[in-house]
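Below are the chains, spelled out letter by letter.
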Amino acid sequence: MWGPAARLVGRRLLAAVPVLAAVTFGVFAVAAASPFDPVQQYAGSAGLNASQETLDQLRANLNVDGPFPQRWWDWLTSALAGDFGDSTSLRQPVAQVITERLGWSVLLCAVGFAFAVLVGTVLGLAAARRRGGLLDRTVTSLSYTLEAAPPFWLGLLGIWLFALQLGVLPAGGLTDSGSDVVTAGGLLRHLALPAVVLGISQVPWFLLYVRQGVGDALEEDAVRGARARGLSERTVLLGHALRSGLLPVLTLIGSRVPELITGALLVETVFSWPGIASATVEAATATDFPLLAALTTLATVAVLAGNLLSDLGYGLADPRVAMEEM
């Protein structure tokens, strides 16, 4: 079992090398085609009165001279040594920016994703048990509606309801106003709303997949046979139909990673959450390509890792799947 899994991981790691190289090369190609001057962006209003000699020196310091393939290669070799350059918008080393923010993004995404999987599985299971019933029609219709709702709209709605109208949760940030100390209780209060909003944006996919998978499993001969042997409905549902119906969800988990990252970007912006996604917005608006290249690489790694984990989970859960063919 573990031999095919190890070979699958090895193949995916080898395939990731050209993918990451192409992604980073594309970022520098976009930077070269951009009409914005990173030197002027970095200098700000002071650049309007600066001499050409000063601007040229600044251009050399920022390493934005020369053809972009050479700049990409210089950045790539430095990145492999652990030096991702300096952020021109945040005036910090890129590695420091990522280190300070990555943990908060991972926390938000993990809690939101766990919420989506749990709620989607429970509601999907309940809907599959009585397909065509009132609960099934209600949650299915709501799922299709939520699929069309952008996360930022859900975030604004959550702020309006829970922060402004009910006043039970803070509207954003990581700490209360006038304080910069993060406490466990304060963190839970500030995390609750953005994590639930991010999770709700992902719930419909898991709900519909579980509903379809478990509903189809309940029609299989093996499940009908279990019922004929006198097994309880709970045992049939949880011990037979759920296990078979959850297999497609393992693949869904990996495919939802890009959407999760996109949703986190919008949610972090709405709630002023100090994570990686908000730094991505700042890097894009300020044409901060060193930071943008590193964040794009990080997002690509997350997507590749999500796909790998979903394939591993599917292959280990279903012995009929040959990992050598993945």
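The rules behind the values
- Residues numbered from 1 in each chain as written.
- Predicted model: local features only at pLDDT ≥ 70, side-chain atom pairs only at ≥ 80, totals over all residues.
- Heavy atoms only, no water.
- Helix = DSSP H or I, 4+ residues; strand = E, 2+ residues; numbered from the N terminus.
- Buried < 20%, exposed > 50% of the residue type's maximum accessible area, 1.4 Å probe, protein only.
- Areas by Shrake-Rupley, 256 points an atom, 1.4 Å probe, with all protein chains shown as cover.
- Patch = residues over 30% accessible without salt bridge, like charges linked within 9 Å, V, L, I, M, F, W, Y side chains within 5 Å.
- Salt bridge = Lys/Arg side-chain N within 4 Å of Asp/Glu carboxyl O.
- Core = buried A, V, L, I, M, F, W, Y, C linked by side-chain atoms within 4.5 Å.
- Phe/Tyr/Trp six-rings, centres within 6.5 Å; stacked < 30°, edge-to-face > 60°.
- Expected span 1.5 Å × (residues − 1).
- Arc of directions from axis to C-beta.
- Polar contact = N/O pair within 3.5 Å; in protein donor to acceptor, adjacent residues only side chain to side chain.
- Contact = heavy atoms within 4.5 Å.

Okay, the overall build of the protein next. Check the secondary structure of the protein and you find 14 helices and two strands. Counting over 326 residues, the protein shows a buried share of 37%. As displayed, the protein has an accessible area near 17200 Å², and 65% of this comes from carbon and sulfur atoms.

Together, F152, W153, L156, L157, W160, L161, F162, L164, L166 and V168 give the surface a local cluster of nonpolar side chains, amounting to about 970 Å² of exposed area. You can see F152 is positioned in helix 7 (residues 151-165).

Right, let's get into unusual backbone geometry. Phi angles above zero are rare outside glycine, and S272 is one such case at about 55°. Note that S272 resides in the loop between helix 12 (257-271) and helix 13 (276-285).

We now examine the nonpolar core. Membership of the largest hydrophobic core comes to 38 residues, with the highest contact counts inside it found for L108, L198 and V214. Contributing elements (two or more residues each) for this core: helix 5 (94-129), helix 6 (134-147), helix 7, helix 8 (184-218), helix 10 (233-245), helix 11 (247-255) and helix 12. With 14 residues, the single largest contributor to this core is helix 8. Within the second largest apolar cluster, 20 residues are counted, among which are V27, L90, V94 and L291.

Right, let's talk about the packing of aromatic side chains for a bit. The way to describe two aromatic rings as a pair is by their centre distance and the angle between their planes. All told, the structure shown has five aromatic pairs when counted by the stated rule. These aromatic residues form a ring-pair network of at least three members: F25, W72 and W73.

This paragraph deals with helix 12. Think of an α-helix as turning once every 3.6 residues; residues three or four places apart then point the same way. In a regular helix each residue adds 1.5 Å, so 15 residues correspond to 21 Å; helix 12 covers 20 Å between its end C-alpha atoms and thus fits that length. Of all the positions in helix 12, only V257, L260, G263, A264, V267, E268 and F271 are classed as buried. Considered in projection along helix 12, the buried side chains sweep an arc of 135° and stay on one side of the axis. After helix 12 finishes, the residue S272 shows a positive phi value of roughly 55°.

Mapped onto the elements, D136 comes out in helix 6. At 2.6 Å, the side chain of D136 and the backbone nitrogen of G132 are in polar contact. Excluding its chain neighbours within four sequence positions, the residues that come into contact with D136 are A127, R130, R131 and R211.

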